[in-house]
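Coordinate analysis (summary)
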Amino acid sequence: MCNDKALGPMLGRCAHLARERMDARMSKYGMTPAQTHVLLNLRQRGGQLPQCELTALMRVKPSTVNGILDRMVEKGLLERTVSVMDARRRLVTLTPAGVERESQVKQSFQEAEALIARGMTEEETETLRALLERVIHNLEEDRTL
């Protein structure tokens with residue numbers, strides 16, 4: 001039985017469309033969603049992080065992060081260096097080009113957020129946010145079963 005108003009399919013469709021629109025905005029900068037997350041995480045944390053911390057934030061395998069970072073180094077968006085405090089650790093640092101790209105990415109993200117909330121009052125947007133937080137909580141809670 002198909003129900004156009006069932007919550008699961010509606011949430012799935014919303015997630016798909018939101019991701020699609022964001023990906024379209026990022027593609028004009030030659031950025032993947034994962035690269036976007038790297039830029040945002042680095043910028044939020046002062047522009048530099050040990051690679052192991054970035055890997056933990058990304059919640060992916062170290063080999064996956066290596067590939068993402070390799071491509072970003074090739075684009076001149078960041079650099080990796082050996083930590084002077086611990087030669088076993090690598091530091092990931094935004095370059096000036098990476099800082100500029102992060103600013104562009106942030107602007108595109110804000111545009112996508114505005115698109116999602118278009119036609120809603122601020123109160124409606126906050127209500128939607130609270131309801132989605134509850135849905136997320138419910139679904140995460142079910143993971144423990």
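One can find the structure itself at the top, above this paragraph.
**Here's the deal with a nonpolar patch on the surface**
On the surface, a nonpolar cluster with roughly 400 Å² of combined accessible area is contributed by Leu7, Leu11, Met120, Leu128 and Leu132. Among the elements of the structure, helix 1 (7–27) and helix 6 (122–142) are those that each provide at least two residues to the nonpolar patch. You can see Leu7 is positioned in helix 1. For Leu7, a relative accessible area of 65% corresponds to the exposed category.

**Observations regarding the sheet that holds strand 1 (residues 48–50)**
With antiparallel pairing, the three strands of this open sheet are ordered in space as 1-3-2. The open sheet terminates on both sides in strands that have one partner only, identified here as strand 1 and strand 2 (78–82). Between one strand axis and the next, the sheet turns by 25° as a mean value, whatever way the strands run. Sheet strands touched by helix 4 (residues 62–74): strand 2 and strand 3 (90–94). Its angle to strand 2, the strand with the most contacts, is close to 115°.

**Quick word on the packing of helix 2 (residues 33–44) against helix 5 (residues 96–117)**
Two measures define how a pair of helices packs: the angle their axes make with one another and the distance between the axes. Packing of helix 2 against helix 5 brings their axes to within 10 Å, and their N-to-C directions diverge by 105°. With respect to helix 5, the element helix 2 is oriented roughly perpendicular. Judged by residue contacts, Thr36, Leu39, Leu40 and Arg43 of helix 2 engage Gly98, Val99, Arg101, Glu102 and Val105 from helix 5. Tallied by class, the residues present in the contact of helix 2 with helix 5 amount to four nonpolar, two polar and three charged.

**Focus on the nonpolar core**
Ranked by internal contacts, the top residues of the largest apolar core, which has 20 residues, are Val38, Leu42, Leu54, Leu69, Met72 and Leu78. Leave out the neighbours within four places in its chain, and Leu78 touches Val38, Leu42, Leu69, Met72, Val73, Val92, Thr93, Leu94 and Thr95.

**Looking at the side chain of Arg80**
Mapped onto the elements, Arg80 comes out in strand 2. Residues contacting Arg80, with those up to four places away along its chain left out, are Gln51, Asn66, Leu69, Asp70, Val73, Arg90, Leu91 and Val92.

Cut-offs and rules
- Think of each chain on its own: its residues are numbered from 1, step by step along the sequence as written.
- Predicted model: local features are reported for residues with pLDDT of at least 70 only, side-chain atom pairs are reported and counted for 80 or more only, and whole-chain, interface and lining totals are derived from all residues.
- Water and hydrogen atoms were dropped before computing side-chain values, which therefore reflect all heavy atoms in the structure.
- Surface patches are drawn from residues lacking salt bridges whose relative accessible area is over 30%; two like charges belong together within 9 Å, two nonpolar side chains (Val, Leu, Ile, Met, Phe, Trp, Tyr) within 5 Å.
- All accessible-area figures derive from a Shrake-Rupley calculation using a 1.4 Å probe, and residue coverage is judged against the displayed protein chains alone.
- Salt bridges, as used here, are contacts in which a Lys or Arg side-chain nitrogen is within 4 Å of a carboxyl oxygen on Asp or Glu.
- Secondary structure is summarised from DSSP: a helix means a run of H or I of at least four residues, a strand means a run of E of at least two, and numbering begins at the N terminus for each.
- Each residue gets one of three labels from its accessible area relative to the maximum for its type: buried under 20%, exposed over 50%, partly exposed in between, using a 1.4 Å probe on protein chains only.
- Paired strands are those between which DSSP finds at least two bridges.
- Only C-alpha atoms enter the line fits that serve as axes; for helices the fit covers just the stretch in contact. Angles between N-to-C directions range over 0 to 180 degrees.
- Note on contacts: a residue pair is in contact if any heavy atoms of the two residues lie within 4.5 Å.
- Oblique is the label for any angle not covered by the other classes, which are roughly parallel (under 35 degrees), roughly antiparallel (over 145) and roughly perpendicular (65 to 115).
- Residues are sorted three ways: Asp, Glu, Lys and Arg are charged, Ala, Val, Leu, Ile, Met, Phe, Trp, Tyr, Cys and Pro are nonpolar, and all the rest, Gly among them, are polar.
- The term nonpolar core refers to a set of buried residues drawn from Ala, Val, Leu, Ile, Met, Phe, Trp, Tyr and Cys, joined through side-chain atoms within 4.5 Å.

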